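# Close look at the chain arrangement
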There are 2 protein chains.
Amino acid sequence: MHEELKIKGQLAQEAAYQLGLLTAEEKNNALMAMAEALEKNKEEILKANKLDMEKGEANNLSKAFLDRLLLTDGRIKDMADGLRAIAKLEDPIGHIDESWLGAENIQIGKVRVPLGVVGIIYEARPNVTVDAAGLCLKSGNAAFLRGSSDAFNSNLAICRILAAACEQCGVPQGAVQLIEDTSRDCVNQMLKLNEYLDVLIPRGGAGLIKNVVENSTVPVIQTGVGNCHIYIDDKADLEMAVKITVNGKMQRPGVCNALETLLVHQDLAQEFLPLIAAKLTNVELRVCEKAKAYLPDCRLATEEDYATEFHDLILAVKVVQDIDEAIAHIRKYSTKHSEVIVTNDYAHSRKFTHMVDAACVYVNASSRFSDGFQFGFGAEIGISTQKLHARGPMGLKELTSYKYVILGDGQVRK
Amino acid sequence: MHEELKIKGQLAQEAAYQLGLLTAEEKNNALMAMAEALEKNKEEILKANKLDMEKGEANNLSKAFLDRLLLTDGRIKDMADGLRAIAKLEDPIGHIDESWLGAENIQIGKVRVPLGVVGIIYEARPNVTVDAAGLCLKSGNAAFLRGSSDAFNSNLAICRILAAACEQCGVPQGAVQLIEDTSRDCVNQMLKLNEYLDVLIPRGGAGLIKNVVENSTVPVIQTGVGNCHIYIDDKADLEMAVKITVNGKMQRPGVCNALETLLVHQDLAQEFLPLIAAKLTNVELRVCEKAKAYLPDCRLATEEDYATEFHDLILAVKVVQDIDEAIAHIRKYSTKHSEVIVTNDYAHSRKFTHMVDAACVYVNASSRFSDGFQFGFGAEIGISTQKLHARGPMGLKELTSYKYVILGDGQVRK
């Protein structure tokens, strides 16, 4: 077995056991100390980040990529404040979800416990290192982190600082670890590390997620791929439809809860399409034959366009006959992330929410709300697009499991 | 791709979508029709079962194995009654677990939905075919079944009868399917069928489960391996300790919630060990050095004995210094299924339930209660020994996921 993975895996497993027994106060003290340590050692972080930025520039990485990689005084403060915010959240561990009497009056309690060792494989953003470490610690899990080589120096500096702060607060060694081997082979071996990892969460582009899902034998929580649709029903308020569509497409086009396809009821197409096109400034529309009648300057959409998560100022457009065609289109192309209907028809709202299978199904609200903070979870480790364990925005509770504690008075089974 | 898996996978996926939209009444009618069909066609089932029994006898399968394989009038009635019992359970689908207001007052509801297509890989018992089909149908999932070749004829007859009954009740074709290729290669391809399967549940021996966990890229719920311990604390009521130990070891030694190791506090060893040995008639005790002083006729336990799930009338025994040594022993050898302390010491009961990491942790009750029926779930698809998604006994709810339905009035994200 890969030596670094084995050594750190054993450490993480031992740490996870101890972490599960810490009190909320002990964990919160460590989170506050981690925040302070980040700010106190910001020069070390900025110096390490400079190395990554220089390498990135030499490798001609894109501006957008370099921007995600860049750390500044402000961004380090934001990361520290993120940890302080996590410290303020309620501790999910030890919460008794339910308690009841079973056979022979045994008293059964369902008690929240940590998952154990959480492996996170992620791409450039160094703030994921801080986020993941903080969320794992608060939920009593050991964080087993594998960032990208592009952010290696930044991640290493951050992780050293966080781990040192943890240990000074009595948090066991191994609670927060970064895997330093940035080879592809190391990732592939991590996908088979069932002996030490309880779960793997990939955070990054579609290629990364596909590789993890297709090759991991460790349980995976799949996140982030969002080919999201909005359907403007014939009974929609057009002003609301414009507002929600513009927000979904333009507010932050590069994220997974942004809109990628606009479906419009045929009865509204003539009125709505020129209206929305005028508001979607700088957005390239790729349209169906019917829509082209009202948007003659737009290029025709291909099958592939409807299947694509553009992550960009591009929107596929299709005119549909009715709500059934809209639902069928969504069923065919959806990645089951977030889907929206705009309507004032009660029966249509019921039909859409009942028949559309996705993590988040919206009536008259923007898909951009698919987010742990917007949901009120106070934190987010990602947005699950699978059905097992957790679906949709994942907060602290989604980083936990449970155990049954059964109290008896000598009962035996008959 | 394997042709049968592909065709049936597509059918299952389509059926799963339709199943998610059925009402409780439609599903219950189908369950009652399935029960009736089993009884009405019992001659066909018995005939098919006879073929399997003859083949099993020719292959010199063990008596215990043949007994699990055998179907009789009584057993067919039990299977039918099992389906009727499932029909009476509450439908988990559509239940709103929670509802709250998120950012900008969007109304968020967490609604139970089916998992989708549930793959089940299982060994000899043909009743698993009926159980799994019934539980999947009630929870709105398509059942994608792969039984062992030893029970092939029985499973095929049962599955044909169930599927026909389903279709007569308007349940979509593909809701219950048996994979007829019984080759090992087919199982291995099923483990990679991410395109069609939402989850895989292996039910059977340790070898089967190991193969599925280590090779599946489809999300797995790991079930059934139970190396369960009982610790008799120095503050235990000895009469209660005897009763719970005897029940845990002897009532049904071949199941996963039976006891495999007895840990005894050193202060009680002299009194308790002869007492329990006298009650554990026909049970072979494999004991530590200290215990041998009081049980001189028993053979010494090896390291391997402590790690073994005997599934038989064998019990490993160890005398421990105190509760801490007991907890440490459990931590080292436990498969995290079910662990028991017998004590009248309040602090010890708290310590044990807090520090022992297992699906079910008992104070003064038998490990044999780790069971969906005993817990009051009214059904059981298996006992999970992993932490992701479900842990411990799994009933209908554990065969579901959820979606968020968000109702707004035109809200957009700021």
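Residues numbered from 1 in each chain as written. Chains lettered and ligands numbered in written order. Predicted model: local features only at pLDDT ≥ 70, side-chain atom pairs only at ≥ 80, totals over all residues.

### Considering unusual backbone geometry
The condition is simple: Helix and strand definitions here come from DSSP, where helices need a minimum of 4 consecutive H or I residues and strands a minimum of 2 consecutive E residues; each element is numbered from the N-terminal end. Counting other C-beta atoms within 10 Å of a residue's own tells you its class, since 20 or more makes it buried, 12 or fewer makes it exposed, and anything in between is partly exposed; those C-beta atoms are placed from the backbone.
Of note in the backbone geometry, His 311 of chain A takes a positive phi value of approximately 55° without being a glycine. Counting through the fold element by element, His 311 of chain A comes out in the loop between helix 13 (303-307) and strand 11 (314-320). Looking at His 311 of chain A, the number of C-beta atoms within 10 Å reads 15, which means it is partly exposed. Look at Asn 364 of chain B: it is not a glycine, yet its phi comes out positive at around 55°.

### Focus: the interface of chain B and chain A
Just so we agree on the cut-off: A pair of residues counts as a contact when their C-beta atoms, built from backbone coordinates, are within 7 Å of each other. Nonpolar residues are Ala, Val, Leu, Ile, Met, Phe, Trp, Tyr, Cys and Pro. Charged residues are Asp, Glu, Lys and Arg, and all others, Gly as well, are polar. Only when DSSP finds a minimum of two bridges between them are two strands counted as paired.
The partner chain A presents 61 residues to the 61 residues of chain B that form the contact. Counting only elements with at least two residues in the side of chain B that touches chain A, the list comes to helix 9 (206-215), helix 10 (238-250), helix 15 (346-355), strand 13 (360-365), helix 16 (372-375) and strand 16 (400-411) of chain B. When residues of the side of chain B that touches chain A are assigned to their parent elements, the largest contribution, 11 residues, is made by strand 16 of chain B. Counted by class, the side of chain B that touches chain A contains 29 nonpolar, 22 polar and 10 charged residues. The pairing of strand 13 (residues 360-365) of chain A with strand 16 of chain B spans five bridges and is classified as parallel. From the neighbouring strand, Cys 360 of chain A faces strand 16 of chain B, where its bridge partner is Tyr 404 of chain B.

### Structural notes on helix 7 (residues 152-168) of chain B
The following threshold applies: By this rule, a helix spans an expected 1.5 Å times one less than how many residues it contains.
The end-to-end C-alpha separation of helix 7 of chain B is 24 Å, in line with the 24 Å expected for 17 residues at 1.5 Å each. Of all the residues in helix 7 of chain B, the buried ones are Asn 153, Ser 154, Asn 155, Ala 157, Ile 158, Cys 159, Ile 161, Leu 162, Ala 163, Ala 165 and Cys 166 of chain B.

### Some words on the domain arrangement of chain A
How big an interface is tends to be reported as the loss of accessible area on association of its parts. Residues and elements named next belong to chain A. What counts is decided by this rule: Note that domain bounds follow an automatic or database assignment of domains.
Under the domain assignment used here, chain A contains domain 1 (3-222 + 386-406) and domain 2 (228-374). Measuring from the centre of the C-alpha atoms in domain 1 to the corresponding centre in domain 2 gives 34 Å. Grouping the constituent residues of the side of domain 1 that touches domain 2 by class yields two nonpolar, two polar and one charged.

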